[in-house]
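# Analysis of the macromolecular model
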Amino acid sequence: MDTEPPSPPDGPHDHPHRAELRSWLADHPEPTGRLLAERGLVAPHWPTPWGLGADPALQLVVDEELRRAGVRRPENTIGIGWAGPTLLHAGTDEQKARYLVPLLAAEEIWCQLFSEPGAGSDLASLTTRAELDGDEWVVRGQKVWTSYAHLAQFGILLARTEPDAPMHQGISYFICPMDAPGITIRPLVDMTGAHTFNEVFLDEVRLPRENLVGERGQGWSLGKVTLANERVSLSGAGALWGMGPTVDDLVATVRSAGGISDPLLRQRLAGVWIEGEILRLLRMRTVAAAVAGTPPGPEASVRKALADEHGQHIMGLARDLAGAAGMLDGTGPVSGSPAPESPVTGHWPDAMWSFGFLFAPALTIGGGTSEVQRNIIAERTLGLPHDPQA
Ligand SMILES: Cc1cc2nc3c(=O)[nH]c(=O)nc-3n(C[C@H](O)[C@H](O)[C@H](O)COP(=O)(O)OP(=O)(O)OC[C@H]3O[C@@H](n4cnc5c(N)ncnc54)[C@H](O)[C@@H]3O)c2cc1C
């Protein structure tokens, strides 16, 4: 574990846009979300005027220069990661002009109204209905697990518009203002104690006709565009869907506390570190392929399936390293007692580790469960037979 792990490739140092970008950031040391959005820096891979139409090399350069300048991008996970790419793909010019800049600037937060009590992995069996009444769609139904619904101004909504069509063809995709009359949002508090997701009831909610995205009945294929972005966005470096600590943080925390005397825990740490290296190499392969202009391989699904379980392994091990104190709130891997800050030089406050342990089971559920990821790998990558029809 003493050798320095390899990092993903740097963007080219002599890239023609690097100097220009560096000087813009020097002139705008604390840019607002709107300024970053209008300069195309929030999602540089999006086409102009919303992005820079950046190839992977320029994307790396933008990331590096923002990091160097200490500038953080606006946060709007579902808006920027999922709603935006779908609107770019199928939205009208009016929809793009109305929604994309405030979405990129995080002035308007978005949520995703897909899952229902009876439709999760099998999303196509959703029963929320939208019926056209004059110039308005009238929506009735219930959604669940809707992250940020209580904070969002808009939601991307899947609803059934052709009840008699085959299951996958009768669904349409809508933009739903979250303050529309008829919407009731009820909090669901998860076991970390946080209120992130909600139940959303839609009772005769009237949406203007122009809130349909793409063609009527095309919602299933648009939902797949959204979810494909979800799989990519959820597989970053941190243990909690790209956020939070990494296994290197855990190793650093253990090292600064003088190492581990228990041989079994030490062996587990080595195993989790090796997993982290495999994931890092998979990520390097994906980035290198993108920089070389090669189409992405099956790494994205494989990475999500591995990364979600890796996150659980990191958080489970951190809890076990804390021993009996790991059962308490706010306990880090080596602190031995609850404390707001780690007494050693870990990169993350102890509360982040105990939160992470409680959050980790969600990793293999949200954005497609582990079992469903494995089905995708089996059927699309390995060419194995489909599930038998029920
Ligand atoms: C933290 C978090 C945030 C979320 N945020 C949102 C959100 O913002 N918007 C939204 O719409 N949804 C959201 N979800 C919901 C999420 O998309 C669903 O939980 C997920 O799709 C699984 O659906 P389900 O919970 O109904 O489980 P089910 O689909 O009922 O699955 C139950 C079990 O059966 C297994 N299973 C199902 N089908 C198969 C199969 N074909 N083969 C093998 N095993 C199978 C599953 O793997 C699972 O173990 C969120 C979930 C989490 C955990």
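I will try to describe carefully the structure that is included in this document. It should be emphasised that the depicted structure is a prediction, and the values quoted were computed from it without experimental measurement.

Basis of the calculations
- Numbering of residues starts from 1 in each chain and follows the order in which that chain's sequence is written.
- Only residues with pLDDT of 70 or above have their local features reported here, since the model is predicted, and side-chain atom pairs are shown and tallied only from 80 upward, although totals for entire chains, interfaces and linings are computed over all residues.
- Working from all heavy atoms in the structure, the side-chain values ignore hydrogens and water.
- Helical segments are the DSSP runs of H or I of at least four residues, strand segments are the runs of E of at least two, and each set is numbered from the N terminus.
- In this description, contact between two residues means that some pair of their heavy atoms is separated by no more than 4.5 Å.
- Three exposure classes are used, based on accessible area relative to the maximum for each residue type with a 1.4 Å probe and protein chains only: buried under 20%, partly exposed in between, and exposed over 50%.
- This arc corresponds to the set of directions leading from the helix axis out to the C-beta atoms.
- Just to be clear on terms, a salt bridge is a Lys or Arg side-chain nitrogen sitting within 4 Å of an Asp or Glu carboxyl oxygen.
- For this purpose, a residue is taken to be near a molecule or strand whenever a single non-hydrogen atom of the residue falls within 4 Å of it.
- Whenever a nitrogen or oxygen atom comes within 3.5 Å of another N or O atom, the pair is scored as a polar contact, on the condition that within protein one atom can donate a hydrogen and the other can accept it, and that pairs from neighbouring residues in sequence are kept only if both atoms are in side chains.
- Computed with a 1.4 Å probe, the accessible areas rest on the Shrake-Rupley method; for each residue, only the protein chains presented here act as cover.
- Residue polarity is assigned by list, with Asp, Glu, Lys and Arg as charged and Ala, Val, Leu, Ile, Met, Phe, Trp, Tyr, Cys and Pro as nonpolar; anything else, Gly included, falls into the polar class.
- What makes a patch is a set of residues exposed beyond 30% relative accessible area and free of salt bridges, joined within 9 Å when like-charged and within 5 Å when nonpolar (Val, Leu, Ile, Met, Phe, Trp, Tyr).
- Helix axes are fitted only over the stretch in contact, all axes being lines through C-alpha atoms; the angle between N-to-C directions runs from 0 to 180 degrees.
- In what follows, roughly perpendicular refers to angles from 65 to 115 degrees, roughly parallel to angles under 35, roughly antiparallel to angles over 145, and oblique to any angle outside these ranges.
- Each helix crossing is assigned a hand: it is left-handed if the near helix lies turned anticlockwise from the far helix by less than a right angle, otherwise right-handed if that turn is clockwise.
- Throughout, nonpolar core names a set of buried Ala, Val, Leu, Ile, Met, Phe, Trp, Tyr and Cys residues whose side chains join them through atoms within 4.5 Å.
- Stacked, tilted and edge-to-face are the three classes assigned to paired rings of Phe, Tyr and Trp, where Trp is represented by its six-membered ring and a pair needs centres within 6.5 Å; plane angles under 30 degrees give stacked, over 60 edge-to-face, the rest tilted.
- Within this scheme a cavity is a closed region of a 1 Å grid, computed over the protein atoms alone, that accommodates a 1.4 Å probe without allowing it to escape, whereas a pocket is open but has protein on both sides within 12 Å along at least five of seven lines; lining residues each have an atom within 4 Å of a point.
- Grid points are joined across faces, edges and corners, and a volume is the space filled by probe spheres set on the points.
- Note on terminology: disulfide denotes any pair of cysteine sulfur atoms within 2.5 Å.

### Thoughts on the overall build of the chain
When you go through the chain residue by residue, the secondary structure sums to 11 helices and 8 strands. In the chain, of all internal contacts separated by at least 6 residues, the share reaching a separation of at least 24 is 68%.

### So, helix H1 (residues 18-27)
For H1, the set of buried residues is Arg18, Leu21, Trp24 and Leu25. The arc that holds the buried residues of H1, viewed along the axis, is 130 degrees, so those residues lie on one side. More than 90 degrees from the buried face of H1, the exposed residues found are Ala19, Ala26 and Asp27. Residues of H1 that are buried in the fold lie against helix H2 (33-38) and helix H3 (56-69).

### Concerning the pattern of salt bridges
One pass over the structure, following the stated rule, counts 23 salt bridges. Close ionic contact of Arg209 with Asp135 constitutes a salt bridge, the shortest N to O distance being 3.5 Å. Here Arg209, found in the loop between strand E7 (195-208) and strand E8 (212-213), pairs with Asp135, found in the loop between strand E2 (129-133) and strand E3 (136-143); they are 74 residues apart in sequence, far enough to count as distant. Note on Asp135: relative accessible area 54%, which makes it exposed. For Arg319, the salt bridge goes to Asp320, with nearest N and O atoms at 2.7 Å. Taking relative accessible area as the criterion, Arg319 reaches 27% and is therefore assigned partly exposed. Under the relative-accessibility criterion, Asp320 is labelled partly exposed at 27%.

### A look at the site of the ligand
Taken together, 18 residues sit near the ligand, with Ser115, Ser121, Trp145, Thr369 and Glu371 positioned nearest. Measuring from a nitrogen atom of the ligand, one finds a side-chain N or O atom of Asn375 at 3.1 Å. Against a free-state accessible area of 980 Å², the protein chains account for coverage of 66% of the ligand. Looking at side-chain class alone, the shell around the ligand contains 7 nonpolar, 9 polar and 2 charged residues.

### Comments concerning a nonpolar patch on the surface
A cluster of nonpolar side chains, namely Ile274, Ile278 and Leu306, defines an oily patch on the protein surface of about 250 Å² accessible area. Mapped onto the fold, Leu306 is located in helix H9 (residues 299-321).

### Regarding the packing of H1 against H3
Two elements in contact, H1 and H3, have axes separated by 10 Å at closest approach and are oriented at 30 degrees. Taken together, the axes of H1 and H3 lie roughly parallel to each other. The chirality of how H1 crosses H3 is right-handed. On H3, the residues that touch Arg18, Leu21, Arg22 and Leu25 of H1 are Val61, Val62, Glu64, Glu65, Leu66, Arg68 and Ala69. The residue makeup of the contact of H1 with H3, split by class, is 6 nonpolar, no polar and 5 charged.

### Topic: the nonpolar core
The nonpolar side chains of soluble globular proteins are, as a tendency, buried together. Counting residues in each nonpolar core, the largest one holds 44 residues, and the members touching the most others are Trp46, Leu103, Leu104 and Trp110. Elements with a contribution of two residues or more to this core: H1, H2, H3, helix H4 (77-90), helix H5 (93-104), strand E4 (154-160), strand E5 (171-177) and helix H6 (219-233). For this core, the element with the highest residue contribution is H4, accounting for 7 residues. Once residues lying within four places of it in the same chain are set aside, the contact partners of Leu104 are Ala37, Val42, Ala43, Trp46, Trp50, Pro74 and Ile80. Ranked by size, the runner-up nonpolar core spans 21 residues in total, among them Leu250, Met315, Trp353 and Phe359.

### Observations regarding the packing of aromatic side chains
Scanning the model with the defined rule gives 8 aromatic pairs in all. Look at Trp137 and Phe174: their rings are 5.1 Å apart centre to centre, the planes differ by 65 degrees, and that puts the pair in the edge-to-face class. With Trp137 in strand E3 and Phe174 in strand E5, this residue pair connects regions lying 37 residues apart in the sequence. Residue Trp137 is classed as buried on the basis of its relative accessible area, which comes to 2%.

### Quick notes on empty space enclosed by the protein
Once rolled over the atoms, a probe with the size of a water molecule shows which space is left empty. The full count for this structure, using the stated rule, is 1 cavity of 30 Å³ or more. When its volume is computed, the largest cavity comes out at roughly 50 Å³. In this structure, the largest cavity is lined by Met315, Ala318, Arg319, Ala322, Gly326, Thr331, Gly332, Trp353, Ser354 and Phe357. Of the residues assigned to the lining of the largest cavity, the class counts are 5 nonpolar, 4 polar and 1 charged.

### Overview of the environment of Asp262
With respect to the helices, strands and loops of the structure, Asp262 is situated in the loop between helix H7 (247-256) and helix H8 (263-291). Of the residues examined, Asp262 reaches a relative accessible area of 33% and is grouped as partly exposed. Between the alpha carbons of Asp262 and Leu321 there is a distance of 9.5 Å; along the sequence they are 59 residues apart. A distance of 2.7 Å separates a polar side-chain atom of Asp262 from the backbone nitrogen of Leu264.

### Notes on the packing of H4 against H5
The relative placement of two packed helices is expressed as an angle between their axes plus a distance between the axes. Viewed as axis vectors pointing N to C, H4 and H5 meet at an angle of 165 degrees, and their least axial separation amounts to 10 Å. Judged by the inter-axis angle, H4 sits roughly antiparallel to H5. Regarding H4 and H5, the two cross each other, and that crossing is left-handed. Residues Gly79, Ile80, Ala83, Gly84, Leu87 and Leu88 of H4 pack against Gln95, Lys96, Tyr99, Leu100, Leu103 and Leu104 of H5. Of the residues that constitute the contact of H4 with H5, the class distribution is 8 nonpolar, 3 polar and 1 charged.

### Quick notes on the state of the cysteines
Taken as a whole and assessed by the stated rule, the structure comprises 0 disulfides. Just so you know, Cys111 is unpaired, no disulfide at all, and the nearest cysteine sulfur is the one on Cys176, 7.6 Å from it. Judged by its relative accessible area of 0%, Cys111 is buried. Judged by relative accessible area, which is 0%, Cys176 ranks as buried.

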